[in-house]
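# Structural characterization, general
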Amino acid sequence: MSDMAIGTVVLVGDYNWRKGPMWPSIAALFFGRRQRFVHLGMRCTIAWYKEQPYLIAMREEPEAKNGG
């Protein structure tokens, strides 16, 4: 998946999560198929429910420790 497509999924997923009613968001959280990836230094978790993405988690990617 290209970076532009991943960014689009993140934006649409955030929009779907925030718009009402709340029951599709809750259903996505509990029953949705998960997709995890890193985008622009952020670790994103998308739940797909009824072919719609819902952004359920977004955190900073921890930096790798180089040991020195």
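Shown above is the structure to which this text applies.
Now for a description of the structure that goes with this document.

## Remarks on the pattern of salt bridges
Under the criterion given, the structure shown has 2 salt bridges. Between Asp14 and Arg18 there is a salt bridge; the shortest N-O distance is 2.9 Å. In this pair, Asp14 and Arg18 are both assigned in helix 1 (residues 3-18), 4 residues apart and thus about one turn of the helix distant. Asp14 gets classed as partly exposed once you look at its relative accessible area, which sits at 26%. For Arg18, a relative accessible area of 66% corresponds to the exposed category.

## Some words on helix 2 (residues 23-31)
Every buried residue of helix 2 is listed here: Pro24, Ser25, Ala27 and Ala28. Angularly, the buried residues of helix 2 cover 160° about the axis, an arc narrow enough to put them on a single face. In helix 2, the exposed residues that point more than 90 degrees away from the buried face are Trp23 and Phe30.

## Remarks on unusual backbone geometry
Phi at Leu40 takes a positive value of approximately 55°, unusual for a residue other than glycine. Topologically, Leu40 is positioned in the loop between strand 1 (33-39) and strand 2 (42-49). The class of Leu40 is exposed, set by a relative accessible area of 70%. Unusually for a residue other than glycine, Glu51 sits at a positive phi of about 60°.

## Points about helix 1
The end-to-end C-alpha separation of helix 1 is 23 Å, in line with the 22 Å expected for 16 residues at 1.5 Å each. Regarding helix 1, the residues found buried are Ile6, Gly7, Val9, Val10, Gly13 and Asn16. Looking at the buried residues of helix 1, the elements they touch are helix 2, strand 1, strand 2 and strand 3 (52-60).

Analysis parameters
- Residues numbered from 1 in each chain as written.
- Predicted model: local features only at pLDDT ≥ 70, side-chain atom pairs only at ≥ 80, totals over all residues.
- Heavy atoms only, no water.
- Salt bridge = Lys/Arg side-chain N within 4 Å of Asp/Glu carboxyl O.
- Helix = DSSP H or I, 4+ residues; strand = E, 2+ residues; numbered from the N terminus.
- Buried < 20%, exposed > 50% of the residue type's maximum accessible area, 1.4 Å probe, protein only.
- Arc of directions from axis to C-beta.
- Expected span 1.5 Å × (residues − 1).
- Contact = heavy atoms within 4.5 Å.

All quantities given are derived from atomic positions and should not be read as evidence of function.
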